[in-house]
Amino acid sequence: SVKAVMICGENGKFSAGADIKGFSSPKRRGIALGPIVSLIERSEKPVVAAIEGVALGGGLEVALGCHYRIAHVKARMGLPEVTIGLLPGAEGTQRLPRLVGVPAALDMITTGKVLCLVIPPAWPKTHEFLLPMYLPDVDALFCNSIFLPPGQPLGPRRLSLKPVPKLPNMEAFLSEALVKVKKQAHGCLAPELCFQAVKAATEQPFADGVRREQELFNVLLTSGQAQALQYAFFAERAVQKWTTPSGASWKISDSVSLLSLGLGTMGRGIVTSLVKAKIPVVALEQDLEYLNMGRKAVMFLLEREAMKMEQGAQTLDFHNPARLQFTVDFDVLRDVDLVIEAVFENMALKKEIFHKLSRICKPGAFLCTNTSALNINEIASATSRPQQVIGTHFFSPAHVMKLLEIIYGHHTSPTTIATAMQLAKVLKKVGVVVGNCFGFAGNRMMFPYAQQAVFLLEEGSRPEAVDQVIEDFGFRIGPFRMSDLAGLDVGTPARQRHGHRYSPLPDLLCENGRFGQKTGKGWYQYEKAGGRTAKPDPWLHSFLSQYRDTHRIKTRFIDQEEILERCLFSLINEGFDILAEGIASGPEHLDVIYINGYGWPKHRGGPMFYASTVGLSRILAKLQKYSEAHPDVPGLQPSAFLKKLVAMGNPPLKEWMSYLSRPNNKL
Ligand code: NAD
């Protein structure tokens, strides 16, 4: 007597897919979903997926096994398995191309993007993805046979029986798509294997395609990359739970109107981020000339963001003066709840500004500084409310980069930390709470890395060789290309000279007018000033040889292994010191900083996770070897904490913090 079956979810969500924790433990993996999806599809009664909220991963694969799909206009759908190093393993790579065609399926499966109900032009304009729906009415809708006229055969509704829509130039399309997928993957395996699974759908019958999907899924499941990406997924959630050594932990506070001070490179991105998050913002500059320049730049960024958002059927209102004001009048400070200062990196100026802020702002207002390395305590000392002063370190471009490093000082209150974390969340950024030290956590770990890169040049390597090794590892950009991009003249001084090795090479380049991309020359040469294509530069090579001759440095061949180890292991070594000093609450915090702010390849899990996969004893042995060869480089001397962990038998990453004698606050 049953006419049709409808599958829907509880509480406004269809299904978010598998429990990710299950992937790493074979015991929890349970029954495979693919055969269940097939069973649904084989049903003699029509089965309808009624999608509300989200249908992701395995959830969407269930919907693909149904004979009909209808969705609420606000539903979001996607196959995000690739982002955790896997592929849709419940026959989704075989059914989706049959439904939406190869180009759209490849796009969804290899990127993991989640789509709203704006139908990409390549998708067939069928009613099934478009129908606005109100769930309580859905039974009536179906049973009144809008979709299910009696006697309609189910065969044509079974996706596994449909052919994959042909493209006139399928082969050429696939080889082009593969090049693109590989280029964007930066060494991550999953996108390419997702591609292979979809390709199988174009070449083989459904059942063979499913077998291929399974094979590829198993390759990914047992690759270290899937584990690294799943670790990164959970680490990002773990950092939302912050603690300070004094025992403070997370709380929520709400603030409404914000002020951004300084509209330079960083201020522009910060204002854009705030407006996008629909936070009323006042942008303040030192004079009208700077204000107008800043306003123009912000409007340009916002126009571009608005265009991008329109493609996703969202709007961005930035012409409303109640939401965005530009001013040079410090009096507006009286009404704001939170200030983000992004003026020049100069302690005297920052202190003067914070003194002024402390006098003018209302008592409850929070005062944040975007300094990249200055001492938060010293800045706070210029105010009468150091408990409300905090570092909010954005990364450039601030409206794009996801990381917000949040630095507490001696007196910063838990409510202030909570407010900064809440701000990160509202801005859709990843906030990570760290303690106050030179360079904080991220830049501090970057210094020994950048230092090693330059030392390697002194000893015989070339910028392109070092960059290549780091980019092959998975970074988007190596240290020298990065230095040319940022400008050699703005690098934070990475080394002290007190009896320790120091390389004047970056300074010498600046003296030769080579500031990087902006002057068309740096570690590389560019087609013109402001050019972006880096070419190895014979001038630099002969400059390096002369330099080595002058300093009587014997040139030697440096292999890829040494380049990688000296750069990365010194960065990791600093990470162990940071953990031991209590500057970061755990290795996950450093990994999340590196993945979201420094381009560390996610499929390698972050520097500390990577260290755990390489093995701490190996890292220690290598650091010992390199520090013996370079006794004047403190960055290569193994951290005491690393040595301790090795002595304790190389415990798993989750247990590292329990080996510190400092009391570890439980939340
Ligand atoms: P910038 O030189 O591009 O901009 C600074 C702006 O502050 C200028 O527009 C200037 O007019 C304004 N300003 C100066 N004094 C002012 C005053 N008294 N009142 C109002 N505005 C004033 O500098 P930036 O690169 O945007 O850096 C700003 C801060 O952010 C620095 O502390 C820097 O260390 C930090 N930071 C920079 C980066 C980066 O990549 N550029 C990254 C992270 C943090």
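Here the structure is a predicted model, which means the values were calculated and not measured. (Residues numbered from 1 in each chain as written. Predicted model: local features only at pLDDT ≥ 70, side-chain atom pairs only at ≥ 80, totals over all residues.)

Student: I'd love a proper account of the site of the ligand, names of residues and values included.
Tutor: As a matter of local geometry, the ligand sits amid 23 residues, with Gly-262, Gly-264, Met-266, Glu-345 and Ser-396 nearest to it. With three residues, helix 12 (residues 265-276) is the single largest residue contributor to the shell around the ligand. (Near = placed C-beta within 6 Å. Helix = DSSP H or I, 4+ residues; strand = E, 2+ residues; numbered from the N terminus.)

Student: An account of the domain arrangement of the protein chain is needed here, citing residue identities and associated values.
Tutor: Domains assigned within the protein chain are domain 1 (5-222), domain 2 (258-439), domain 3 (443-550) and domain 4 (560-659). Between the C-alpha centres of domain 2 and domain 3 there is a distance of 31 Å. With five residues of domain 2 in contact, the opposing surface of domain 3 contributes four residues. Of the residues in the side of domain 2 that touches domain 3, the class split is three nonpolar, two polar and no charged. (Domains from an automatic or database assignment. Contact = placed C-beta atoms within 7 Å. Nonpolar A, V, L, I, M, F, W, Y, C, P; charged D, E, K, R; others polar.)

Student: Can you tell me about the environment of Pro-652, naming the residues and giving the values?
Tutor: Following the sequence through the fold, Pro-652 ends up in the segment after helix 26 (640-647). Distance from Pro-652 to Val-298, taken between C-alpha atoms, is 46 Å for residues 354 residues apart in sequence.

Student: Explain the UniProt feature "domain: 3-hydroxyacyl-CoA dehydrogenase C-terminal" (unreviewed entry) in the protein chain residue by residue, including any values.
Tutor: Look at the UniProt record and you will see "domain: 3-hydroxyacyl-CoA dehydrogenase C-terminal" (unreviewed entry) annotated at residues 439-526 and 563-652. Across residues 563-652 one finds 66% helix and 0% strand; the C-alpha atoms that close the span lie 27 Å apart. (UniProt positions renumbered as here; feature names shortened; annotations may be inferred.)

Student: An account of helix 18 (residues 463-473) is requested, with residue identities and associated values reported.
Tutor: Along helix 18, the positions that sit buried rather than exposed are Pro-463, Val-466, Asp-467, Val-469 and Ile-470. Buried residues of helix 18 fall within an arc of 160° about the axis and therefore sit on the same side. Its buried side turned inward, helix 18 meets helix 17 (442-459), helix 19 (479-486) and helix 22 (560-580). The first or second residue beyond helix 18 is Gly-474, which carries a positive phi of 130°. (Buried ≥ 20, exposed ≤ 12 C-beta atoms within 10 Å, placed from the backbone. Arc of directions from axis to C-beta.)

Student: A description of the confidence of the model for the protein chain should follow, citing residues and the corresponding values.
Tutor: Residues at a pLDDT of 70 or more form 89% of the protein chain, whose mean pLDDT is 88. At the low end of the mean pLDDT range in the protein chain sits helix 7 (residues 138-143), at 46; at the high end sits helix 24 (residues 607-614), at 98. Counted against residues more than four places away or in other chains, residues 123-146, with its pLDDT under 50, gives 34 contacts. Counted against residues more than four places away or in other chains, residues 251-256, with its pLDDT under 50, gives 15 contacts. Across the interfaces of the predicted complex, the ipTM metric reaches 0.92, alongside a pTM of 0.82. (pLDDT = per-residue confidence, 0-100.)

Student: Tell me about the packing of helix 8 (residues 170-185) against helix 9 (residues 189-203), and name the residues and values.
Tutor: Viewed as axis vectors pointing N to C, helix 8 and helix 9 meet at an angle of 165°, and their least axial separation amounts to 9 Å. Viewed along their axes, helix 8 and helix 9 adopt a mutual orientation that is roughly antiparallel. Taken as a pair, helix 8 and helix 9 cross one another with a handedness that is right-handed. Along the contact surface, helix 8 presents Met-170, Leu-174, Ala-177, Leu-178, Val-181, Lys-182, Gln-184 and Ala-185, while helix 9 presents Pro-191, Glu-192, Phe-195, Lys-199 and Thr-202. (Axes fitted to C-alpha atoms, helices over the stretch in contact; angles between N-to-C directions. Parallel < 35°, antiparallel > 145°, perpendicular 65-115°, else oblique. Left-handed = near helix turned anticlockwise from the far one by under 90°.)

Student: I'd like a rundown of the packing of helix 25 (residues 616-629) against helix 26, residues and numbers included.
Tutor: Remark: helix 25 packs on helix 26, axes separated minimally by 9 Å, with the N-to-C direction vectors making an angle of 135°. Overall, the two elements helix 25 and helix 26 adopt an arrangement that is oblique. Relative to helix 26, helix 25 is oriented so that their crossing is left-handed. When helix 25 is examined against helix 26, the residues Leu-616, Ser-617, Ile-619 and Leu-620 are found in contact with a partner set consisting of Leu-642, Lys-643, Leu-645 and Val-646. Considering only residue class, the contact of helix 25 with helix 26 consists of six nonpolar, one polar and one charged.

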